[in-house]
Amino acid sequence: MSVEIHIINERCKGCKICVEVCQADVLDIDEKPNTSGYNPPCVKTLEDCTICGLCEMLCPDFAIRVSCIEGENKQ
Ligand code: SF4
Ligand code: SF4
């Protein structure tokens, strides 16, 4: 099983909750702001993601989605 993290940059308000809740330190802040001037997260180390789903659950703007892809090895 592998994981995909989909970030919807234009919905992000740059609150950094997703980055702070990630215990595996997968996410970082993108230096490039979106069109509203907020810096969205970016994926730093996808291979460390434990698929806990916290970033998706706690994002107030529904701007990050974590999906599992069945039938593939993680990494
Ligand atoms: S699913 Fe969990 S481990 Fe993966 S990026 Fe989100 S908070 Fe981090
Ligand atoms: S929690 Fe959502 S709104 Fe906040 S920085 Fe992360 S993706 Fe953006």
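As shown above, the structure is provided for reference.
Per chain, residues are indexed from 1 in the order of the written sequence. Lettering of chains starts at A and numbering of ligands starts at 1, both following the order in which they are written. Selection of residues for local features in this predicted model requires a pLDDT of at least 70, selection of side-chain atom pairs for listing and counting requires 80 or more, and totals for whole chains, interfaces and linings are taken over all residues.

Draft legend 1. View of the overall build of the protein. Counting from the N terminus, the helices are the DSSP runs of H or I reaching at least four residues and the strands are the DSSP runs of E reaching at least two. Within the protein, the secondary structure is distributed over 2 helices and 4 strands. A compact globule built from 75 residues would reach a C-alpha radius of gyration of about 11 Å, and the protein, at 12 Å, matches this within 12%. Counting other C-beta atoms within 10 Å of its own, a residue is labelled buried from 20 upward, exposed at 12 or fewer, and partly exposed in the gap between, with every C-beta atom placed from the backbone. By residue count, 17% of the 75 residues in the protein fall in the buried class. Two residues form a contact once the distance between their C-beta atoms, set from the backbone, is within 7 Å. Across the protein, every contact between residues at least 6 apart in sequence was considered, and the portion connecting residues at least 24 apart equals 60%. The reference for a compact globule is 2.2 Å times residues^0.38; the radius of gyration itself is calculated from the C-alpha atoms.

Draft legend 2. Here's a closer look at the site of ligand 1. Taken together, 14 residues lie around ligand 1, and Cys22, Val26, Cys49, Cys52 and Cys55 are the ones closest in. Tallied by class, the residues present in the shell around ligand 1 amount to 12 nonpolar, 2 polar and no charged. The criterion for a residue being near a molecule or strand is a backbone-placed C-beta atom within 6 Å of that molecule or strand. For this classification, the nonpolar set comprises Ala, Val, Leu, Ile, Met, Phe, Trp, Tyr, Cys and Pro, the charged set comprises Asp, Glu, Lys and Arg, and every other residue, Gly included, is treated as polar.

Draft legend 3. Highlighting the nonpolar core. Membership of the largest hydrophobic core is limited to 11 residues, which are Ile7, Cys12, Cys18, Cys22, Val26, Leu27, Cys49, Cys55, Cys59, Ala63 and Ile64. When sequence neighbours within four positions are dropped, the list of residues in contact with isoleucine 64 reads Ile5, Ile7, Cys18, Pro41, Cys55, Glu56 and Cys59. Remark: nonpolar core denotes a set of buried Ala, Val, Leu, Ile, Met, Phe, Trp, Tyr and Cys residues whose joining runs through C-beta atoms within 7 Å.

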